[in-house]
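Listed below, chain by chain, are the residues.
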Amino acid sequence: MFPLEQRAAAPYDTGMGRPNDIILASTRSMEDYRNRVAYHLRTFPEYYGGFTRDFGDQNISANLNVLTFADGEMEVEAPFSVRNRDVFLIAGSARNSLGLSQDECKIELYHAVDCIKRGSPRRLTLIEPYLSPSRSDRTTRRNSVGFWIHTKIISSLGADIILTYQLHSDKSKTAIDPLICQMEDLPAVPMMMEYITREIIRDAEHWEEIKDRWVFCSVDAGGESMARTYSRAFSVPLIIAHKQRDYQSANTVKQVNILADTDISGKDVWIVDDMIDTGGSLVALVKELVRRNVGSVNMAAIHPVLSGPAVDRLKDIHDTGLLQELLILDTISLTDDILSELPFLRVVTSTRQTAEVIMSIHADQALSPFFADFSVRNYLENPPID
């Protein structure tokens, strides 16, 4: 998803990279995501002058074999050559359709990186759309740091690039030595903004009718920066929520306060956050907003972690009319059970942008277009050419 003003003007340079030396692989937990990325890669000749011509299922998207020994040990093998190829490995350790545990997914990933590097690829790029250990990024004297452990193992095994969407904390990236491995944390917010503009606002006339009622709200003070990004892009007011946790119980919110100078009664509030986990913070915030007589409450969350009671909580606040829309990105697999329980979910796809990022890296082009600011006004005045 190139920003509109750059999308048409930035075709891939066919003189850089070789169309037939990409290998797109994945761990078992991300096979569906990989297949959707491969689909977009094969459609790109319609838009980018034939850079990906000759791609077919057999020579771009490849399966790794996972072998399990009787004692539970694992081994991963590549039944194809990666020598001097540009390899992109898609992985994830969160919820998946196969029901694999986080621990098993991580061990499989480490084996997959080792397996591929032993085949002498030209470059190995690891793509984890949701990097689940990223929430463990703080250290005291005596605690482990999951993000550091995970990325240290991957970089030490030889990954050249680690690419993800919307890390939980910007400071996490400093844990990786750029001389050993490149870290690319791509913003996912522009994808959410484009979806809201295209599917909900739709056109400039409708936007003029509704924009005075819109307000963006952070889930907590730590999410102010993201909420401010939305507020600036849509040119509407911003309010900040401050939550007080009950530290006697995990994932429990005692109280939520709204920091706002203006009256929000009758307003259509969009709560934004980088993820939704148990849903405790969201439920408390929605109830506080409803107490203040807002017109409606919607949410846009990047990563649908949906742990523990999250599905039941979301279903309850929707069924009682407190929450209208819930937008999430497809960085984590949504099971059929979740989709049937939460039919009001809107799933925004990231696979096309992932395919575009792959082609940019393969062509040794800058990724700066994916970091560009989004403007609803510019989008409505210059709609993209599909």
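Residues numbered from 1 in each chain as written. Predicted model: local features only at pLDDT ≥ 70, side-chain atom pairs only at ≥ 80, totals over all residues. Heavy atoms only, no water.

A. Geometry of the packing of helix α10 (residues 280-291) against helix α11 (residues 310-319). Where α10 meets α11, the closest approach of the two axes is 9 Å, and the angle between their N-to-C directions is 20°. In terms of orientation, α10 and α11 fall into the roughly parallel class. Handedness of the crossing formed by α10 with α11: left-handed. For the pair formed by α10 and α11, the contact residues are Gly 280, Leu 282, Val 283 and Val 286 on the first element and Arg 313, Leu 314 and Ile 317 on the second. A breakdown of the residues in the contact of α10 with α11 according to their chemical character gives five nonpolar, one polar and one charged. (Axes fitted to C-alpha atoms, helices over the stretch in contact; angles between N-to-C directions. Helix = DSSP H or I, 4+ residues; strand = E, 2+ residues; numbered from the N terminus. Parallel < 35°, antiparallel > 145°, perpendicular 65-115°, else oblique. Left-handed = near helix turned anticlockwise from the far one by under 90°. Contact = heavy atoms within 4.5 Å. Nonpolar A, V, L, I, M, F, W, Y, C, P; charged D, E, K, R; others polar.)

B. Looking closely at unusual backbone geometry. Not every positive phi belongs to a glycine, and Gln 166 is a case in point at roughly 50°. Positionally, Gln 166 belongs in the loop between β7 (161-165) and β8 (182-186). The class for Gln 166 is buried, based on a relative accessible area of 16%. (Buried < 20%, exposed > 50% of the residue type's maximum accessible area, 1.4 Å probe, protein only.)

C. Representation of the nonpolar core within the structure. Counting 53 residues, the largest nonpolar core has Leu 24, Leu 41, Ile 201, Trp 207, Trp 214, Tyr 230 and Phe 234 as its most contacted members. With eight residues, the top contributor of residues to this core is helix α7 (residues 189-201). The residues touching Trp 207, leaving out its near neighbours within four places in the chain, are Ile 201, Trp 214, Phe 234, Val 236, Val 376 and Leu 380. Ranked by size, the runner-up nonpolar core spans 33 residues in total, among them Leu 306, Leu 323, Leu 326 and Phe 344. (Core = buried A, V, L, I, M, F, W, Y, C linked by side-chain atoms within 4.5 Å.)

D. Here's a closer look at the pairing of β8. Counting buried residues along β8, four of its five residues qualify, which places the element largely inside the surrounding structure. Looking at chain direction, β7 and β8 are connected through five bridges and run parallel. Its bridge partner being in β8, Thr 164 is matched across the sheet by Asp 185. (Pairing = 2+ DSSP bridges.)

E. Main features of the packing of aromatic side chains. Within this structure, the stated rule accounts for eight aromatic pairs. Ring centres of Trp 207 and Trp 214 lie 5.2 Å apart, and the angle between their planes is 80°; this geometry places the pair in the edge-to-face category. We note that Trp 207, like Trp 214, is buried. Through a chain of ring-to-ring contacts, three or more aromatic side chains come together here, namely Trp 207, Trp 214, Phe 216, Tyr 230, Phe 234 and Trp 270. (Phe/Tyr/Trp six-rings, centres within 6.5 Å; stacked < 30°, edge-to-face > 60°.)

F. Seen up close, a negative patch on the surface. A grouping of Asp 312, Asp 316, Asp 336, Asp 337 and Glu 341 is seen on the molecular surface, where their side chains present a negatively charged patch. Secondary structure elements with two or more residues in the negative patch: α11 and α12 (336-341). A total of three residues in the negative patch trace back to one element, the largest contributor, which is α12. For Asp 336, the position within the fold is in helix α12. Given a relative accessible area of 64%, Asp 336 falls into the exposed group. (Patch = residues over 30% accessible without salt bridge, like charges linked within 9 Å, V, L, I, M, F, W, Y side chains within 5 Å. Areas by Shrake-Rupley, 256 points an atom, 1.4 Å probe, with all protein chains shown as cover. Salt bridge = Lys/Arg side-chain N within 4 Å of Asp/Glu carboxyl O. Lys, Arg positive; Asp, Glu negative; His and termini not counted. Charge placed at Lys NZ, Arg CZ, Asp CG, Glu CD.)

G. Representation of the sheet that holds strand β6 (residues 123-128). With respect to topology, six strands assemble into an open sheet ordered β2-β1-β5-β6-β7-β8, the strand pairing being parallel. Of all strands in the sheet, those with a lone pairing partner are β2 (61-63) and β8, marking the two edges. On average, adjacent strands in this sheet sit at an angle of 25° to one another, irrespective of strand direction. Across the sheet, helix α6 (residues 146-157) touches β6, β7 and β8, and the angle it forms with β6 is around 155°.

H. Structural context of the pattern of salt bridges. Inspection of every chain in the model, using the stated rule, returns 21 salt bridges. A salt bridge links Asp 86 to Arg 122; the shortest N-O distance between them is 3.9 Å. Pair noted here: Asp 86 is in strand β5 (residues 86-90) and Arg 122 is in the loop between α5 (102-117) and β6, with a separation of 36 residues, a long-range link. Taking relative accessible area as the criterion, Asp 86 reaches 0% and is therefore assigned buried. Arg 122 sits in the partly exposed class, given a relative accessible area of 32%.

I. Quick peek at α11. Buried within α11 are the following residues: Ala 310, Val 311, Leu 314 and Ile 317. Burial along α11 is one-sided: seen end-on, the buried residues are contained in an arc of 140°. Opposite the packed face of α11, turned more than 90 degrees from it, sit the exposed residues Asp 312 and Asp 319. Here the buried face of α11 lies against β12 (268-276), α10, β14 (326-329) and α12. Count one or two residues on from α11 and you reach Gly 321, which has phi positive near 85°. (Arc of directions from axis to C-beta.)

Limitation: the analysis is restricted to geometry and does not speak to function.
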